[in-house]
Structure formats: structure tokens, C-alpha cells
Amino acid sequence: MSTLVRKITKVVGLMLSISFVSCQDNRMVSPESVPVQTASAREAINPGVPQKYTLTKHGQANLTYYGDGRLQKVTYGRGPVPNQYSYVYYSYGPQWIKATYYAGSTVVHEELYSVDANGRCVESKQTEYVFYSFGTETYTSRYLYQYNALGQVKSRTNKDHPSEHTDYLFNAAGDLSKATLTKLYGQGSNEITFTYDQPAGDPILLDRYPLNSALADFPDPYLKIFGKSGKHLMKLVTSRKMPENQVQLTYYYTYLLNLNGYVTEAKEFNVANATLVSTKPYEYLVTDIGVHP
């Protein structure tokens, strides 16, 4: 057990106990006979029936979809800290996806993703609109993405300024273990490490609905276009400023799972002072595959 893991074991011991009790309570079964249902933190899912999960709520974000299942809109509700975006609208074309970010009715940001035949993002164009008294300024950046033989993302590089790039490493289990963010013109970097072990020795948890971490410099949390996803739920993330190797933050995560192992609540704790940073509820549209109303 590493020094850091030993350090947080006492801090999170009580939280793990509370989480364990909550998970046991979460396994109470209230079967539904309808083929489509919303799965909240306290609802059980039809056991033994093949099902498709579609995320509809993630913290303050509410997700809606087109009829073919593609993401249509993410609407941000009011949280403790107001989100700078009101909503994000997604549109699609031949081998491209466009995400348009609104503040109220005003477009403030755009992301245009070019995808290959495998559905992986190979280039993105980021456009930021900044409003001044004298008019609107537009700032554009373009990024290139590379993948390894396993289909995992290797790097995200500024196309016009290659000294700015993010490099990714994966462990033997296929989980993202490190993201190194190198700043423009090589002026230092941040090294983000991801840990999946349970400090108390409990089993590593499967991640049945992987999302993209903003800490790893992914521009969108929900689009499944950045290569092969990991298999396990992150338990610890540490950010260090390089080359000083100075720890900037360390966050620890606990989860509630439903009967089928999907996250229904995630809590984020600051290890430095053992404070709760955020609590995010998850909700899903659950469809019994092959059953039609």
C-alpha cells in the first residue's frame, strides 16, 4: 500500500463505511414491468433482463437525445456555483460533430470534431467568443489526436503550436493512469495520475458507463469519440505541477451503485482537508432490450 493511500485510509474510512451501508440499502428491489424506466439512486432494475442504459442526469447536467440515440443537448441547472454555460447543443454531419455552447441565448463557444471511420476524433477546432464594449473577438485553436494500436488515445496536440500537448498513458488493465499536460511553448506542465485501487482493500469497481475526465484535458465529458474507454471507476486523482513535482490537488471518490452496478451517486472529497467537494447524482433511461411496448 503506497504512502498516499495509507495517508487517506483513516480520512476516508468513515466515508467508506457510510457508502457501504448506503450501497446495501440501494440493493432493495422494486421490480418494474414496463420496458422503459428512469433509474435513480434508490430504484432497482429488472434483474436478469438485458438492458441498455442511457445517461440522462449527471450532477447539474441534464442530457437529452435524438431518436437514433445520439446526444442532442446538455442543459445545466443551477448549482452551488453557476455554470458559465446554460446549455450545449449537438449537431451531426458526415464524419463531424459540432457542439455549440450557449450562455442564455448567446453562443459563447463552439467545438467542431472531425471523426474517422471508427468514430474516433482525429481533429477538433475550438472557437471562443469574447465580448467587449468595442465588439466581439474570436479565438480559435485546433487540436490533433493520435491513438495507439489498442485504440486508446495517445496524445492531443495543438495543431498550430505543437509545444502545447497532452500525452496519455494506460495501465495493463486498460485504464487511463496518467495524463501529462504540457503548456504552450513548453512552459511547465501538469501531471495528472489516476488510481483505481480501493484503500480498504475492497475490489476495484467496474465502470459500466465511462465518461471523459476534464482533468485529463478531454474537451467533452459525454461524447464517446476519444478512443477506447477504461474499465474501472477512478478512486483517486492527483495533480502535480512539473517539473517541481508540487502536488496541487488530490481528490478521492466514493460511489453508490444500483443492482446492475451502474453509478447512481458519486462524491468527490479533497484529501488535503477531508472536505466534501461535490455530490453528483446519476440518472439513466433504462430500456429492456428486445421488449417493446
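Residues numbered from 1 in each chain as written. Predicted model: local features only at pLDDT ≥ 70, side-chain atom pairs only at ≥ 80, totals over all residues. Heavy atoms only, no water.

Q: Mind showing me how you'd approach the packing of aromatic side chains here?
A: How two aromatic rings sit relative to each other is set out by the distance from centre to centre and by the angle between their planes. Tallied over the full model, the rule gives twelve aromatic pairs. Arranged with centres 5.7 Å apart and planes meeting at 40°, the rings of Tyr145 and Phe226 form a pair that is tilted. Note that Tyr145 is positioned in strand β9 (residues 135-147) and Phe226 in the loop between β13 (189-195) and β14 (236-242), a separation of 81 residues in sequence. Here Tyr145 and Phe226 have matching classes, each one buried. Of the aromatic side chains, those joined through ring pairs into one cluster are Tyr113, Tyr145, Tyr168, Phe218 and Phe226. Its end group placed over the ring of Tyr147, Arg120 keeps NZ or CZ at 4.7 Å from the ring centre. The ring of Tyr143 is capped by Arg156, whose NZ or CZ atom sits 3.9 Å from the centre of that ring. (Phe/Tyr/Trp six-rings, centres within 6.5 Å; stacked < 30°, edge-to-face > 60°. Helix = DSSP H or I, 4+ residues; strand = E, 2+ residues; numbered from the N terminus. Buried < 20%, exposed > 50% of the residue type's maximum accessible area, 1.4 Å probe, protein only. Lys NZ or Arg CZ within 6 Å of the ring centre and 35° of its normal.)

Q: Which parts of the structure should I look at to understand the pattern of salt bridges?
A: Note that side chains of opposite charge can pair when their charged atoms are close. By the definition in use, this model includes seven salt bridges. One salt bridge connects Arg142 with Asp160, and the closest N-O pair in it is separated by 2.7 Å. Linking Arg142 in strand β9 with Asp160 in the loop between β10 (153-158) and β11 (165-170), this pair joins segments that are 18 residues apart in sequence. A relative accessible area of 29% means that Arg142 is categorised as partly exposed. (Salt bridge = Lys/Arg side-chain N within 4 Å of Asp/Glu carboxyl O.)

Q: I'm lost on a nonpolar patch on the surface in this one. Help?
A: Judged by side-chain polarity, Tyr132, Phe134 and Tyr139 come together as a nonpolar surface patch covering roughly 360 Å² of accessible area. Inspection of the secondary structure puts Phe134 in the loop between β8 (121-132) and β9. Judged by relative accessible area, Phe134 falls into the exposed class, the value being 62%. (Patch = residues over 30% accessible without salt bridge, like charges linked within 9 Å, V, L, I, M, F, W, Y side chains within 5 Å. Areas by Shrake-Rupley, 256 points an atom, 1.4 Å probe, with all protein chains shown as cover.)

Q: What is the right way to read the confidence of the model for the protein chain from this model?
A: Interpretation of this model should avoid reading the predicted coordinates in detail wherever pLDDT is low. For the protein chain, the mean per-residue pLDDT works out to 84, and 80% of the residues sit at or above 70. Here helix α1 (residues 3-26) stands out as the element of the protein chain with the lowest mean pLDDT, 41, in contrast to β10, whose mean of 98 is the highest. Per-residue pLDDT stays below 50 along residues 1-44; that stretch engages in 72 contacts with residues further than four places along the chain or on separate chains. (pLDDT = per-residue confidence, 0-100. Contact = heavy atoms within 4.5 Å.)

Q: Looking at this model, I keep getting lost on the nonpolar core. Mind explaining?
A: Considering soluble globular proteins, one finds that nonpolar side chains tend to be buried as a cluster. The biggest cluster of nonpolar side chains holds 47 residues, and the ones touching the most others in it are Phe194 and Tyr284. In terms of residues, this core owes the most to one element, strand β15 (residues 246-257), which gives four residues. (Core = buried A, V, L, I, M, F, W, Y, C linked by side-chain atoms within 4.5 Å.)

Q: What am I meant to see in the environment of Gly59 here?
A: Here Gly59 is to be found in the loop between β2 (51-58) and β3 (61-65). The spacing of Gly59 and Thr279 is 220 residues in sequence and 7.2 Å in space, taken between C-alpha atoms. Beyond its immediate sequence surroundings of up to four residues, Gly59 is in contact with Lys280 and Pro281.

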